[in-house]
Amino acid sequence: MTLQIIIGTQWGDEGKGRFVDLLSADADYVARFSGGDNAGHTIRIEDKIYKLHLIPSGIIYPNTIGIMGNGMVINPEVLLREIEELRQGGIAVTPDRLKVSYMAHMITPAHRLMDKAKEIKLGNAKLGTTGRGIGPAYSDKARRVGLVYKDILNAELFEEKLRTLLAEKNEFFEKIYGIEPLDVESVVEEFLGYARTLAPYVADISEVLRTALLSGKKVIAEGAQGALLDTDYGTYPYVTSSSCMASNALLGLGIGIPKDFDIVGIAKVFQTRVGEGPFPTELFDRSAGLLRGDGSQQWDEFGTTTGRPRRVGWLDGVLLKKIVEMNNISRLALTKLDVLSGFDEVKICVEYAKPSEISPLVLDNPVEPVYRTFKGWKQDIMQITQWDDLPAEAKEYVSFIQEFIGVPVKWISVGPERNQIIING
Ligand code: IMP
């Protein structure tokens, strides 16, 4: 019985997709447990690029079954689009290969419009959401008025619940936000169509995974976003509306605490963030441009979902250590080491000068990062596949991370291709 949980340890966009891809080569199930199409995983295989927002990236292996957990909020329109895109790329996504939890919540155009209207109303205090309706859908879940995927199995009931939800939201749009209401009839017609197409995908994923784990199958739980965007422990309120912590993999997939598990944390060797919120090591100088890239490369630091330029900064070792400890992470994968090639020096934040007395995760008041500076390396490392062949300076940088954080760095990515990964030890 093996459950491998993979989470992002920063503010998302750590490059989880490629590690899920790497580790799912021999997995039987790859299961997403939280979030919705606010996430964006880019997987590059030879000349094909797959941009997935919802469907677990392991689906690209012919023998892997994709699971979408009850912890997710799923926009059916986006899901159907992804199924179609994968089909066009030669990957058949049939109901025996993709299963959607009957308790996953549904995102409608009303949730998306609500997300955008709320942000506009907040003005300068906006959160910088992805505008995908995530917050409103999770709010409806907590308010017990949301639509769940089991509803689509009964068209009459589904239509009734959908109409009630749309009527309530339209009242908000008109009376609170002063905007045009949605055309209920066209949304209902569209959604009844989605319901018919998606009904065969609805399943009891909790039972599917329980049976799988009992029979010794390998299950990967694929995290979305990153631990610093977690609703409970992230930089609240500048967070997403779901839990991105490893422990939520169990709840978000309906499985009990397993005897045997492995938690892998993905960390980029520098820090990035999209949207608002504290960022102690943020850079605004020339280094920022070098870390971000100019957008000409598909792997430059521009949002997969929104295209927004990401904020960038040096690796924050203080936050990373805390997240690794809280999530009981046993191994780290570091991504984008190649991006640091060419710098005269590279830095890691190892302490805050004016830290919160409660927790390093409390960043309400500005903290001052204290850096450890390392000599940079000039060589292009993108073709290196062995640890021993890395420049001494790069080895020193990675070895320091390993020692400082206190867990082994098992994988290091040095380029966007599937094989540009160093397996360490
Ligand atoms: P929401 O999840 O769309 O509500 O956005 C809330 C915050 O989380 C915003 O700062 C977003 O930019 C951020 N966010 C949500 N999903 C991702 C992701 O997959 N990667 C990076 N940031 C994300």
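Predicted model only: the values in this text are computed from it and were never measured. (Residues numbered from 1 in each chain as written. Predicted model: local features only at pLDDT ≥ 70, side-chain atom pairs only at ≥ 80, totals over all residues. Heavy atoms only, no water.)

K.L.:
Provide a residue-level description of the pattern of salt bridges, including the pertinent values.
P.N.:
Enumeration over the complete set of coordinates arrives at 27 salt bridges. As a salt-bridge pair, Glu276 and Lys126 come within 3.6 Å of each other at their nearest N and O atoms. Taken together, the residues Glu276 in the loop between β12 (270–273) and α9 (286–292) and Lys126 in the loop between α3 (109–122) and α4 (134–143) connect sequence positions 150 residues apart. Each member of the salt-bridge network shares a partner with another, and the members are Asp13, Lys268, Glu301, Arg310 and Lys336. (Salt bridge = Lys/Arg side-chain N within 4 Å of Asp/Glu carboxyl O. Helix = DSSP H or I, 4+ residues; strand = E, 2+ residues; numbered from the N terminus.)

K.L.:
Could you give an account of the domain arrangement of the protein chain, with specific residues and numbers?
P.N.:
When the domains of the protein chain are assigned, the result is domain 1 (3–93 + 205–423) and domain 2 (105–201). The partner domain 2 presents 22 residues to the 28 residues of domain 1 that form the contact. Sorting the residues of domain 1 by area buried against domain 2 places Val73, Pro76 and Leu80 first, and these three jointly supply 26% of that buried surface. The interface formed by domain 1 and domain 2 contains three salt bridges. Run the count over domain 1 and domain 2 and you get nine residue pairs in polar contact (both at pLDDT 80 or more). Looking at the side of domain 1 that touches domain 2, the elements with two or more residues in it are β6 (73–74) and α2 (76–88). Broken down by element, the residue count for the side of domain 1 that touches domain 2 peaks at six residues, all from α2. (Domains from an automatic or database assignment. Contact = heavy atoms within 4.5 Å. Buried area = accessible area lost by both parts, 1.4 Å probe. Polar contact = N/O pair within 3.5 Å; in protein donor to acceptor, adjacent residues only side chain to side chain.)

K.L.:
Lay out the environment of Lys161 in plain terms, naming residues and giving numbers.
P.N.:
Take Lys161: it is sitting in helix α5 (residues 155–175). Note on Lys161: relative accessible area 30%, which makes it partly exposed. When neighbours within four sequence positions are excluded, Lys161 is seen to be in contact with Gly146, Leu147 and Asp151. (Buried < 20%, exposed > 50% of the residue type's maximum accessible area, 1.4 Å probe, protein only.)

K.L.:
Can you explain the packing of α3 against α4? Please cite residues and give values.
P.N.:
One can describe the packing of α3 onto α4 by two numbers: an axis separation of 7 Å at closest approach and a directional angle of 115°. Relative to α4, the crossing made by α3 is right-handed. Mapping the contact onto sequence places His111, Met114 and Asp115 in α3 and Ile134, Pro136, Ala137 and Asp140 in α4. (Axes fitted to C-alpha atoms, helices over the stretch in contact; angles between N-to-C directions. Left-handed = near helix turned anticlockwise from the far one by under 90°.)

K.L.:
Describe the site of the ligand, listing the residues and the values that go with them.
P.N.:
Around the ligand, 16 residues are found, and the nearest of them are Asp13, Asn38, Thr130, Thr240 and Val274. Contact distances for the ligand include 3.4 Å between an oxygen atom and a backbone N or O atom of Gly128. Protein contacts shield 96% of the accessible area of the ligand, which totals 470 Å² for the unbound molecule. A per-class count over the shell around the ligand returns seven nonpolar, seven polar and two charged. (Near = heavy atom within 4 Å. Areas by Shrake-Rupley, 256 points an atom, 1.4 Å probe, with all protein chains shown as cover. Nonpolar A, V, L, I, M, F, W, Y, C, P; charged D, E, K, R; others polar.)

K.L.:
Outline the side chain of Glu222, listing residues and values.
P.N.:
On the secondary structure map, Glu222 appears in strand β10 (residues 218–222). For Glu222, which is buried and forms no salt bridge, the nearest opposite charge comes from Arg32, at a distance of 5.4 Å. Of the polar contacts made by the side chain of Glu222, one reaches the side chain of His41; its length is 2.7 Å. A distance of 3.2 Å separates a polar atom in the side chain of Glu222 from the backbone nitrogen of Ser57. (Lys, Arg positive; Asp, Glu negative; His and termini not counted.)

K.L.:
Account for the packing of α2 against helix α6 (residues 184–198), with residues named and values stated.
P.N.:
At a minimum axis distance of 10 Å, the contact between α2 and α6 shows a crossing angle of 50°. With respect to α6, the axis of α2 lies oblique. Crossing handedness for the pair α2 and α6: left-handed. Across the interface between the two elements, Pro76, Glu77, Leu79, Leu80 and Ile83 of α2 pack against Glu190, Phe191, Tyr194, Thr197 and Leu198 of α6. (Parallel < 35°, antiparallel > 145°, perpendicular 65-115°, else oblique.)

K.L.:
Provide a residue-level description of the sheet that holds strand β14 (residues 331–335), including the pertinent values.
P.N.:
Sheet architecture is open: ten strands sit in the order β9-β7-β5-β2-β10-β1-β11-β14-β17-β18, paired in mixed fashion. Here the strands that pair on one side only, and so sit at the sheet edges, are β9 (202–203) and β18 (421–423). Judged from the three bridges that link them, strand β5 (residues 65–68) and strand β7 (residues 98–101) form a sheet pairing that is parallel. Among the inter-strand pairings, Gly66 is bridged to a residue of β7, identified as Leu98. (Pairing = 2+ DSSP bridges.)

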